[in-house]
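This is what each chain is made of:
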Amino acid sequence: MSEPRPNISQNHPVIRQLDDAAINRIAAGEVIERPASAVKELVENAIDAGATRIRVEVADGGKTLIRVVDDGCGMSAADLPLALSRHATSKIDGSDLMNIHTFGFRGEALPSLGAVGRLSIVSRVLGKEGAHIEVSGGDMGAVKPAALAGGTRVELRDIFYATPARLKFMRSDRAEMQAIAEVVKRLAMAEPYVGFSLADVSGDGEPQVKFRVEGETGDLFKALHGRLAQVMGRDFAQNALAIDAEREGVALTGYAALPTYSRGSAVAQFFFVNERPVRDKLLIGALRGAYSDFLSRDRHPAVALFVSCAPNLVDVNVHPAKSEVRFRDPGMVRGLIVSALKHALAEAGHRASSTVGAAALGAMRPEVTEPRVYQMDRPDIGRGYSAPSQGFAEMAGGFSARVETVETHDERPLEALPLGAARAQVHENYIIAQTETGMILVDQHAAHERLVYERLKKQMAENGVRAQALLIPEIVSMSEGDCALLLEAAQDLAQLGLSIEPFGAGSVAVRETPAILGEVNAEAMLRDIVDELTDGGSTSTVKDKLEAVLSRVACHGSIRSGRRMRAEEMNALLREMEATPHSGQCNHGRPTYIELKLSDIERLFGRT
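Residues numbered from 1 in each chain as written. Predicted model: local features only at pLDDT ≥ 70, side-chain atom pairs only at ≥ 80, totals over all residues. Heavy atoms only, no water.

## Here we look at the overall build of the protein chain
Helix and strand counts for the protein chain stand at 18 helices and 23 strands. The buried share of the protein chain, taken over its 608 residues, is 46%. Pairs at least 24 residues apart make up 69% of the contacts formed inside the protein chain by residues separated by at least 6 positions. When the accessible surface of the protein chain is split by element, carbon and sulfur atoms take 51% of a total near 31,800 Å². (Helix = DSSP H or I, 4+ residues; strand = E, 2+ residues; numbered from the N terminus. Buried < 20%, exposed > 50% of the residue type's maximum accessible area, 1.4 Å probe, protein only. Contact = heavy atoms within 4.5 Å. Areas by Shrake-Rupley, 256 points an atom, 1.4 Å probe, with all protein chains shown as cover.)

As structure tokens, then:
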């Protein structure tokens, strides 16, 4: 206790007014975290200026040069010094901080950049002369005339030279470049009608274009779809569902991928509020809730969602980098996202991701190091060999399989239906079906598991799952903790057709099981339910827990791998899949079927 306390000075502390240079460097520490932050501020300024083309050039990961050129409205010579003053802005008048329609509004970006680096701005308003101003480490120079066709060119050199301690925390040039590219891509997604380009101009060589997109045309959904295809990839665009919903003045638009097009992390999740890219826990939680019925916990959906509302319904001024927002009615926004996504996924029916079939074809395609020479192309040796002149497409009328054709009263042949006609079962687990354009390979266990799950959910929503009483109750022994967890949820489990009651220490008696499951291993089912109740934790809602338990229960009532199925059963399964929403993926987000087009199969065998 006798040692001096380091936070208390021996002298009386004196309050001082910091000078503008120190104030700007402190503000820059909040706004400008790394080169990517500077790029974000400058590109947002260009968008606010009405630019239709924005060019970004960086050197050494943005550490030595960041240049942003736009064709926006520009600034006059009189405006340039004001633009470099703190809290000077043309975007708000200060009377209503909740009525914000632009990316920027604080007037901190440019003075912050000028405080930590060497900033140069050249700008020209249409019909006026161009002007140039420089600021280095907070010291502003005089405005000078300059030549420029129009718009604004901003150059930031030697970022953090005035605060060298910050340079020690910079990552490698490559990592900083990746962060800059991520920022530009997010803003490009938010503004599909604006063209963007990003180039690395390090060294004396030719600039390396890292990203380039032209401005899209057409209506919003067409433009957004085209832009997302360029930024997130063609596969996402082909497997994404359009989202368009509105509730109480809040609109939700964008695209959400099918559950079978999921990722191992949340890298393909993009959220925008009034066109502003954000990372908001509310939106992430709503997305997870919407897909909880379709994906396991280690899989993540891919989405680009845009929330639009009146500025007074959302506060964008709650984070220094404006990356988080606060809604006036967060519950309503969450409900809108969950319901809109679930509705879109339900309308998708049995559709599965096209990437599944492409991956299957890729796995089957052999690696070829030399040009393939087929027997039919070799010179005839001995007896001649005549190669078949027909391709698979010409022979679609005939087939060879061990399953007989099933009679149908439908005017259309089974092959004309989306999932076709069952032709065979291989390894007592996979159904092969023939369609007019190719073939379908179905995982019978995964598909039936989904169908049983959807039936159970429907029954529970109507009047509870129908139960069947066991002639002799089944006694299941487990730990006292697991028994307590089950008995605590006994009332909820009764809604699922599962009736349990205590049976001494460390045991429960199962008196009823869901009728839809038929004969079931009660002990295995109870242990799975215990696992689900434990994994769900205390944060899950009762509805989420019930649906998670239903998913486990459905697994026990589905067709098992190894069971032989008759043609009638296989076709009945295919027809039910066509009529059941979400049947394209199992309860864990894995595909229930793969579609292979005839043209792709022919290509595998070198017929095209």
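## Re unusual backbone geometry
Excluding glycine, a negative phi dihedral is what most residues carry, and trans is how most peptide bonds are arranged. Of note in the backbone geometry, aspartate 158 takes a positive phi value of approximately 55 degrees without being a glycine. Structurally, aspartate 158 can be placed in the loop between strand S7 (151–157) and helix H5 (164–167). Using a relative accessible area of 30% as the deciding quantity, one classes aspartate 158 as partly exposed.

## Focus: the nonpolar core
Among the nonpolar cores identified, the biggest contains 61 residues, and Ile54 and Phe196 are the most heavily contacted of them. The element best represented in this core is helix H6 (residues 173–190), accounting for ten residues. Counting 35 residues, the second-largest nonpolar core is a separate cluster that includes Leu252, Leu287, Val325 and Phe327. (Core = buried A, V, L, I, M, F, W, Y, C linked by side-chain atoms within 4.5 Å.)

## Brief notes about the packing of H6 against helix H7 (residues 220–231)
As a packed pair, H6 and H7 sit with axes 9 Å apart at the nearest point and diverge in direction by 165 degrees. Judged on the interaxial angle alone, H7 and H6 are roughly antiparallel. Note that H6 runs across H7; the crossing there is left-handed. Contact with H6, carried on its side by Lys185, Ala188 and Met189, involves Leu224, Arg227, Leu228 and Val231 of H7 and no other residues of that element. In terms of residue class, the contact of H6 with H7 is made up of five nonpolar, no polar and two charged. (Axes fitted to C-alpha atoms, helices over the stretch in contact; angles between N-to-C directions. Parallel < 35°, antiparallel > 145°, perpendicular 65-115°, else oblique. Left-handed = near helix turned anticlockwise from the far one by under 90°. Nonpolar A, V, L, I, M, F, W, Y, C, P; charged D, E, K, R; others polar.)

## Details of the side chain of glutamine 585
Its place among the elements puts glutamine 585 in the loop between helix H17 (567–579) and strand S23 (593–597). Of note is the side chain of glutamine 585, whose polar atom sits 3.0 Å from the backbone oxygen of histidine 582. Not counting the four nearest positions on each side in its chain, glutamine 585 is found in contact with Pro259, Thr260, Phe294, Arg351, Arg450, Arg590, Pro591 and Thr592. (Polar contact = N/O pair within 3.5 Å; in protein donor to acceptor, adjacent residues only side chain to side chain.)

## Some details on the pairing of strand S10 (residues 240–247)
Sheet topology note: the S10/strand S11 (residues 250–257) ladder contains eight bridges and is antiparallel. Paired with glutamate 246 across the two strands is alanine 251, which belongs to S11. Counting the residues in the hairpin turn of S10 and S11 gives two residues, including glutamate 248, whose phi is positive at 50 degrees. (Pairing = 2+ DSSP bridges.)

## Quick look at the sheet that holds strand S18 (residues 430–434)
The strand order across the open sheet built from four strands is S17-S18-S19-S23, with neighbouring strands paired in antiparallel fashion. Sheet topology places strand S17 (421–426) and S23 at the edges, where each strand pairs with a single neighbour. Averaged over all pairs of adjacent strands, the angle between their axes in this sheet comes to 20 degrees, without regard to strand direction. Where strand S19 (residues 438–443) lies against S23, five bridges are found, and the strand directions are antiparallel. Along S23, the bridge assignment pairs valine 442 with tyrosine 593. Against the sheet, helix H12 (residues 444–462) contacts S17, S18 and S19, and its axis sits at roughly 70 degrees relative to S19. The strands that H17 touches are S17, S18, S19 and S23; relative to S17, the one it contacts most, it runs at about 120 degrees.

## Side note on the sheet that holds strand S22 (residues 507–514)
Taken in spatial order, the three strands line up as S20-S22-S21 in an open sheet, and their pairing is antiparallel. Every other strand in the sheet has two partners, leaving strand S20 (467–477) and strand S21 (499–502) as the edge strands with one partner each. When the angles between neighbouring strand axes are averaged without regard to direction, this sheet yields 20 degrees. As judged from the four bridges shared by S21 and S22, these two strands associate in the antiparallel manner. By the bridge assignment, glutamate 501 is partnered in S22 with alanine 509.

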